Amino acid sequence: YGLVDKDYAGFAFLVGPGYGYAFNNVLVSASLDFLGTYSGTGKYQKTGTNGKGEKYTYLGTDSKFNWGIALMPKAAIKLGKVTPWVGVNALWAKGADKLSFGFQIGIGFNI
């Protein structure tokens, strides 16, 4: 909340195989995924002048779908019912001129 315009909407999804190896209470895993993103900036207004010199206003919506690939290795350690993990993401999306890298940290709970 507060990081983007109020009419902005978007989501991302990952689909792909994950591979992992467990050794005692340590899990090392990686996934190579298809990445899909959709973003919509809500309603916008565009004005201009046509060929006859008349001004016009166009109201519409702006949305975009992109795809790419993601490689996400991570390591987790099971400490009783709590599982903290860390990982690094490498992402590429259509139209990008370079790879994007990110760091992830999380914690899971077994109930």
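Above this text is the structure in question.
A.B. asks: Would you mind going over the overall build of the protein chain with me for this structure?
C.D. replies: Looking only at helices and strands, one finds zero helices and six strands in the protein chain. Starting at the N terminus, the α and β elements of the protein chain follow one another as β-β-β-β-β-β. Evaluated residue by residue, the protein chain yields a buried proportion of 17% over its 111 residues. Sequence separation of at least 24 residues holds for 45% of the intrachain contacts in the protein chain that already meet a minimum separation of 6. In the structure as shown, the protein chain presents an accessible area of about 8800 Å², 63% of it carried by carbon and sulfur atoms.

A.B. asks: In this structure, what is going on with the packing of aromatic side chains? I would like to understand it.
C.D. replies: Geometrically, a pair of aromatic rings is defined through the distance of the ring centres and the angle of the planes. Counted by the stated rule, this structure contains three aromatic pairs. Their ring planes at 45° and their centres at 6.1 Å tell us that phenylalanine 13 and phenylalanine 34 sit as a pair that is tilted. Here phenylalanine 13 is found in strand β1 (residues 9-15), whereas its partner phenylalanine 34 is found in strand β3 (residues 26-49), with 21 residues between them in sequence. The partly exposed category is assigned to phenylalanine 13, whose relative accessible area is 30%. The interplanar angle of 25° and the centroid separation of 6.5 Å between the aromatic rings of phenylalanine 13 and phenylalanine 65 together place this pair among those described as stacked. You can see phenylalanine 13 sitting in strand β1 and its partner phenylalanine 65 sitting in strand β4 (residues 55-77), a full 52 residues away along the chain. Through pairs of rings, three or more aromatic residues link up here, namely Phe13, Phe34 and Phe65. Cation over ring: lysine 74 sits above tryptophan 85, and NZ or CZ is 4.3 Å from the ring centre.

A.B. asks: Honestly, the environment of valine 28 in this entry has me stumped. Any pointers?
C.D. replies: Position of valine 28 among the secondary structure elements: in strand β3. Taking the C-alpha atoms as reference points, valine 28 and lysine 74, 46 residues apart in sequence, are found 6.0 Å from one another. Apart from residues no more than four positions distant in its own chain, valine 28 is found in contact with Tyr19, Gly20, Tyr21, Lys74 and Ala75.

A.B. asks: How should I be thinking about the pairing of strand β5 (residues 82-93) in this particular structure?
C.D. replies: Consecutive residues of a regular strand have side chains that alternate between opposite faces of the sheet. Here β5 runs beside strand β6 (residues 100-109); their pairing, made up of 10 bridges, is antiparallel. Paired with proline 84 across the bridge in β6 is isoleucine 107. Taken together, β5 and the strand that follows it, β6, pair antiparallel across an intervening segment of six residues, in which glycine 95 is found at a positive phi of about 90°.

A.B. asks: Would you mind going over the environment of tyrosine 19 with me for this structure?
C.D. replies: Checked against the element boundaries, tyrosine 19 lands in strand β2 (residues 18-23). Given the relative accessible area of 59%, tyrosine 19 is considered exposed. Residues tyrosine 19 and serine 31, 12 residues apart in the sequence, show an inter-C-alpha distance of 6.1 Å. Those residues within four positions of tyrosine 19 in sequence are excluded, and the remaining contacts are Val28, Ser29 and Ala30.

A.B. asks: Before we go on, may I ask you to explain a nonpolar patch on the surface in this structure?
C.D. replies: On the surface, Phe11, Val15, Phe34, Tyr38, Phe65 and Trp67 cluster together to form a nonpolar patch covering roughly 590 Å² of accessible area. Secondary structure elements with two or more residues in the nonpolar patch: β1, β3 and β4. Structurally, the position occupied by tyrosine 38 is in strand β3.

Basis of the calculations
- Residues numbered from 1 in each chain as written.
- Predicted model: local features only at pLDDT ≥ 70, side-chain atom pairs only at ≥ 80, totals over all residues.
- Heavy atoms only, no water.
- Helix = DSSP H or I, 4+ residues; strand = E, 2+ residues; numbered from the N terminus.
- Buried < 20%, exposed > 50% of the residue type's maximum accessible area, 1.4 Å probe, protein only.
- Contact = heavy atoms within 4.5 Å.
- Areas by Shrake-Rupley, 256 points an atom, 1.4 Å probe, with all protein chains shown as cover.
- Phe/Tyr/Trp six-rings, centres within 6.5 Å; stacked < 30°, edge-to-face > 60°.
- Lys NZ or Arg CZ within 6 Å of the ring centre and 35° of its normal.
- Pairing = 2+ DSSP bridges.
- Patch = residues over 30% accessible without salt bridge, like charges linked within 9 Å, V, L, I, M, F, W, Y side chains within 5 Å.
- Salt bridge = Lys/Arg side-chain N within 4 Å of Asp/Glu carboxyl O.

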